[in-house]
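The residues making up each chain are set out below.
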Amino acid sequence: MSATPAQQEEARFSHGLFLFVLIFLLWLMLSGNLALAEVVSGLVVASVVTLASRPHLPLFSGLRLSPAAILPFISYLAVFLAALIRANLDMARRVLSPSLPLNPGVVEVKTRLKSSLGRLILANSITLTPGTLTVDLQGDSILIHWVDIPPGSDIESATRDVTDIFERHLVGFVK
Amino acid sequence: MRLLADIILLIGATFTLLGALGLLRMPDVYNRIQAGTKAVTLGALSLLLGIGLLYPEWWSKLLVIALMILVTNPIGSSTIARALMMAGVKPWKKVETITSERDQA
């Protein structure tokens, strides 16, 4: 991707602004009131943190900051929460059953997400999905540990299915 | 509202208990991480939701805590798993590993 210095400067500014607003909102939520002193100290803290994290701002270049990204984000959250609840019910069933049904295995899968932020979110989602744990993330390949390799099916395609569900929604708001 | 909050708190406590049970019952460290992470994440989230129902004025702080847990829990688990993999800890396999361990003992 070739960007002119002016475009880079603009991107850097919008990422900085995004981080600033994010931290300021977090501050307000944690302080829980809108007194002048809180707001002012929040602005100061957000400025300091944004300036201090200047070298890491390119992390946000993976984010699509547009109104069109809101809907995929919400549908991703819904899919994620459903997966988290299914993961827990699945784990509860395994832990409570006397025979302890397990058949672990490790498999590697490629992601088509390009940005490190997107890959981070994908890796975290995989960890909280039924039966899978992200062990390593190197470049575009993710190493995944299975509690129970689905019987009868090909492990590669089973893993592909797990990542596809998240990728489909993630591509809407990260690169 | 009080009853609903209690039920959700109870569900959270139950999942956390199941996570602890999973830590005890699972055969190897990777499976323990799996059981621990999932159960504790959902358990903590439903505990926070239950507290939010009891004390609605705390919702913003609880939301920040929930986001923090959602982001950091899986990262921590993956980091531990990655370190173990790099240290050469092999994942447990059904039957084969058990017999070889008995042979060694």
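In the annotation of an unreviewed UniProt entry, chain B is listed under the name Na(+)/H(+) antiporter subunit G and assigned to Candidatus Thiodiazotropha endolucinida.

Naming follows an unreviewed UniProt entry, where chain A appears as Na(+)/H(+) antiporter subunit E of Candidatus Thiodiazotropha endolucinida. UniProt, in its Sequence similarities (unreviewed entry) section for chain A, records the words "Belongs to the CPA3 antiporters (TC 2.A.63) subunit E family."

Some thoughts on the UniProt feature "transmembrane region" (unreviewed entry) in chain B
Residue and element names in this part refer to chain B. Mapped onto this numbering, the UniProt entry annotates "transmembrane region" (unreviewed entry) at residues 6–24, 36–56 and 62–84. Between the C-alpha atoms that bound residues 6–24 the distance is 27 Å, and the span itself is 100% helix and 0% strand. Between the C-alpha atoms that bound residues 62–84 there is a distance of 33 Å. The span itself is 100% helix and 0% strand.

Things to note about helix α1 (residues 2–25) of chain B
Taking 1.5 Å per residue, 24 residues should reach 34 Å; α1 of chain B reaches 34 Å between its end C-alpha atoms and fits that length. The complete set of buried residues in α1 of chain B reads A5, I8, G12, F15, L18, G19 and G22 of chain B. Tucked inside the fold, the buried residues of α1 of chain B contact α3 (70–96) of chain A together with α2 (29–54) of chain B.

Structural notes on the nonpolar core
Ranked by size, the top nonpolar core spans 39 residues in total, and within it L122, I144, F166, L170 and V174 of chain A carry the most contacts. Lining this core are residues from two domains, each supplying at least three of them: domain 1 (5–61) and domain 2 (68–170) of chain A. Contacts of I144 of chain A, omitting those with residues within four sequence positions, involve G105, V106, V107, V109, I126, T132, L133, T159 and T163 of chain A. Counting residues in hydrophobic clusters, the runner-up holds eight residues, among them M91 and V95 of chain A together with M26 and W92 of chain B.

Regarding helix α4 (residues 116–127) of chain A
When the terminal C-alpha atoms of α4 of chain A are compared, their 17 Å separation across twelve residues agrees well with the 16 Å that a helix rising 1.5 Å per residue should span. Extensive coverage of α4 of chain A is indicated by the burial of nine of its twelve residues. Along α4 of chain A, the residues classified as buried are L117, G118, R119, L122, A123, N124, S125, I126 and T127 of chain A. Against α3, β2 (132–138), β3 (141–146) and α5 (155–170) of chain A together with α2 and α3 (59–86) of chain B lie the buried residues of α4 of chain A.

Brief notes about the packing of aromatic side chains
Within this structure, the stated rule accounts for six aromatic pairs over all chains. Between the aromatic rings of F73 of chain A and F173 of chain A, the centroid separation amounts to 5.1 Å while the plane-to-plane angle is 85°, which identifies the pairing as edge-to-face. Of this pair, F73 of chain A sits in helix α3 while F173 of chain A sits in the segment after α5, placing them 100 residues apart in sequence. With relative accessibility at 38%, the residue F73 of chain A sits in the partly exposed group. Between Y55 of chain B and W58 of chain B, the aromatic rings sit 4.5 Å apart at their centres with planes inclined by 15°, giving stacked as the arrangement. Feature note: the residues F73, Y76, F80, F166 and F173 of chain A constitute an aromatic cluster, connected by ring pairs.

Some thoughts on the interface of chain A and chain B
Counting residues at the interface gives 40 residues for chain A and 36 residues for chain B. Both faces combined, the contact of chain A with chain B buries some 3,100 Å², and carbon together with sulfur accounts for 70% of it. If you look at where chain A meets chain B, you find one salt bridge. With a shortest N-O distance of 2.6 Å, D136 of chain A and R82 of chain B are connected by a salt bridge. Run the count over chain A and chain B and you get 16 residue pairs in polar contact (both at pLDDT 80 or more). Only α1 (5–31), α3, β1 (105–110), α4, β2 and β3 of chain A provide two or more residues apiece to the side of chain A that touches chain B. Among the elements that line the side of chain A that touches chain B, the one with the most residues is α3 of chain A, at eleven residues. Split by residue class, the side of chain A that touches chain B holds 24 nonpolar, 14 polar and two charged.

A closer look at a nonpolar patch on the surface
Together, F13, L17, V21 and L25 of chain A give the surface a local cluster of nonpolar side chains, amounting to about 400 Å² of exposed area. By secondary structure assignment, the location of L17 of chain A is in helix α1.

As for the sheet that holds β1 of chain A
Spatially, three strands are ordered β1-β3-β2 (chain A) in an open sheet, and the strand pairing comes out antiparallel. Two strands close off the open sheet at either side, each with one partner strand: β1 and β2 of chain A. On average, adjacent strands in this sheet sit at an angle of 25° to one another, irrespective of strand direction. Here β1 of chain A pairs with β3 of chain A via six bridges, running antiparallel. Within β3 of chain A, the residue paired with V107 of chain A across the bridge is I144 of chain A. In the packing of α2 of chain B onto the sheet, the strands contacted are β2 and β3 of chain A, and the crossing angle to β2 of chain A comes to about 110°.

Definitions and cut-offs
- Residues numbered from 1 in each chain as written.
- Chains lettered and ligands numbered in written order.
- Predicted model: local features only at pLDDT ≥ 70, side-chain atom pairs only at ≥ 80, totals over all residues.
- Heavy atoms only, no water.
- UniProt positions renumbered as here; feature names shortened; annotations may be inferred.
- Helix = DSSP H or I, 4+ residues; strand = E, 2+ residues; numbered from the N terminus.
- Expected span 1.5 Å × (residues − 1).
- Buried < 20%, exposed > 50% of the residue type's maximum accessible area, 1.4 Å probe, protein only.
- Contact = heavy atoms within 4.5 Å.
- Core = buried A, V, L, I, M, F, W, Y, C linked by side-chain atoms within 4.5 Å.
- Domains from an automatic or database assignment.
- Phe/Tyr/Trp six-rings, centres within 6.5 Å; stacked < 30°, edge-to-face > 60°.
- Buried area = accessible area lost by both parts, 1.4 Å probe.
- Salt bridge = Lys/Arg side-chain N within 4 Å of Asp/Glu carboxyl O.
- Polar contact = N/O pair within 3.5 Å; in protein donor to acceptor, adjacent residues only side chain to side chain.
- Nonpolar A, V, L, I, M, F, W, Y, C, P; charged D, E, K, R; others polar.
- Patch = residues over 30% accessible without salt bridge, like charges linked within 9 Å, V, L, I, M, F, W, Y side chains within 5 Å.
- Areas by Shrake-Rupley, 256 points an atom, 1.4 Å probe, with all protein chains shown as cover.
- Pairing = 2+ DSSP bridges.
- Axes fitted to C-alpha atoms, helices over the stretch in contact; angles between N-to-C directions.

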